[in-house]
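Structural features, examined
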Amino acid sequence: MREPLCSHKFRVSFRSISAACVVSFAYLSGVNAASDITADELIMRMIDQSRGLSSYSELSMTVNRPQWQRTSSFNVLTRGRDDALIRFTAPAKDAGNATLKVGDTMWTYSPKIRRAVRLPKSMMSQEWAGSDFSYSDLARSDKLLAYYRHDIVDQVEEDGLTTYTIESTPNDNAPVVWGKERLVFRSDNVLLEQTFFDQAMQPVKAMRAYDVQELGGRMLAKRMRMSDLENPDRWTELEYVSIEFDVEIDDRNFTQFALRGE
């Protein structure tokens, strides 16, 4: 039996699942039918596809560097578009390390120092846990909705689906490090590629999706690899082990008590 993410239990809400099914059907139908869909609406649907009303997932992460490679495991619990709790479960030296985001506020916790540390917003775009992914990437956060403006720059019809390319430019004074981001995703809300550009508008890193399949009742990429475009031997790959959507979560799961595993 799977170990719980923290000491507070949660259970599947069938009412939430039914509501989510109706919303998902409306989303998919709307993407295919609406010719005037906006870039903001597309981004919103893509985020909701990977988070649902709430979600619980287990992942493995492989960090590759020219001289070494390491693999770890962690859990992610999300609520809405704003809140997420990530906790390492392996290897033993990392187990218990956790990160919590509630709204615009983020904390990290290490069992070694037994203290939660609040982080500035700008840290959400920084490399997380020595990987090539940021905390925002891992939490599937709503930063794109909160801090960017979006434009559809291309769309291609193929095999009954539309593939959109959207360029996202940060608003003035947004707490992000990128000059822009370019996303490629399908009309069934599956993110295929995401490229990050520096302030000089040069591509710095890129995420590619692999093995798109049904996970937790939704179409998602089972594997995602984030690569350093200047150093091809530097990459991080995430793989879903399992994922459940629209689980009922006690509010205490998004407190500093839960962050500390209490």
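Coordinates for the structure precede this section.
Residues numbered from 1 in each chain as written. Predicted model: local features only at pLDDT ≥ 70, side-chain atom pairs only at ≥ 80, totals over all residues. Heavy atoms only, no water.

**Some points on the pattern of salt bridges**
Pairs may arise between side chains of opposite charge once their charged atoms sit close together. Scanning the entire structure with this criterion turns up 15 salt bridges. One salt bridge in this structure joins Arg79 and Asp83, with 2.7 Å as the shortest N-O distance. Through salt bridges with shared partners, a single network forms among Asp211, Arg223, Arg225 and Glu237. (Salt bridge = Lys/Arg side-chain N within 4 Å of Asp/Glu carboxyl O.)

**Overview of the environment of Trp107**
With respect to the helices and strands, the residue Trp107 is situated in strand β6 (residues 105–110). Each residue touching Trp107, except ones within four places of it in the same chain, is listed here: Ala98, Thr99, Leu100, Val102, Val117, Arg118, Gln256 and Leu259. (Helix = DSSP H or I, 4+ residues; strand = E, 2+ residues; numbered from the N terminus. Contact = heavy atoms within 4.5 Å.)

**Remarks on the pairing of strand β8 (residues 148–158)**
Judged from the 10 bridges that link them, β8 and strand β9 (residues 161–170) form a sheet pairing that is antiparallel. When the bridges of β9 are listed, Tyr148 appears paired with Pro170. Counted along the chain from β8 to the antiparallel partner β9, the turn is two residues long, and its residue Asp159 has a positive phi close to 55 degrees. (Pairing = 2+ DSSP bridges.)

**A short note on helix α2 (residues 39–51)**
Its 13 residues place the ends of α2 19 Å apart at the C-alpha level, agreeing with the 18 Å of an ideal helix rising 1.5 Å per residue. Taken across its 13 residues, α2 has 10 buried, putting it largely inside the fold. (Expected span 1.5 Å × (residues − 1). Buried < 20%, exposed > 50% of the residue type's maximum accessible area, 1.4 Å probe, protein only.)

**Regarding empty space enclosed by the protein**
Applying the stated rule across the entire model yields two cavities of 30 Å³ or more. In terms of residue class, the lining of the second largest cavity is made up of four nonpolar, two polar and two charged. (1 Å grid on protein atoms, 1.4 Å probe; cavity = no way out; pocket = protein on both sides within 12 Å on 5 of 7 lines; lining within 4 Å. Points joined across faces, edges and corners; volume = space filled by probe spheres on them. Nonpolar A, V, L, I, M, F, W, Y, C, P; charged D, E, K, R; others polar.)

**Things to note about the pairing of strand β5 (residues 98–102)**
Two faces, one strand: in a regular strand the side chains alternate between the faces of the sheet. Here β5 lies mainly inside the structure; four of its five residues are buried. Where strand β4 (residues 83–90) meets β5, four bridges bridge the pair, whose relative direction is antiparallel. Residue pairing for β5: Leu85 is matched across the bridge by Leu100. In this sheet, β6 lies alongside β5 in antiparallel orientation, the contact comprising five bridges. Counterpart to Leu100 in the pairing with β6 is Trp107. Between the antiparallel neighbours β5 and β6 lie two residues, among them Gly103 with a positive phi of about 65 degrees.

Without other data, these values stay purely geometric and don't point to any function.
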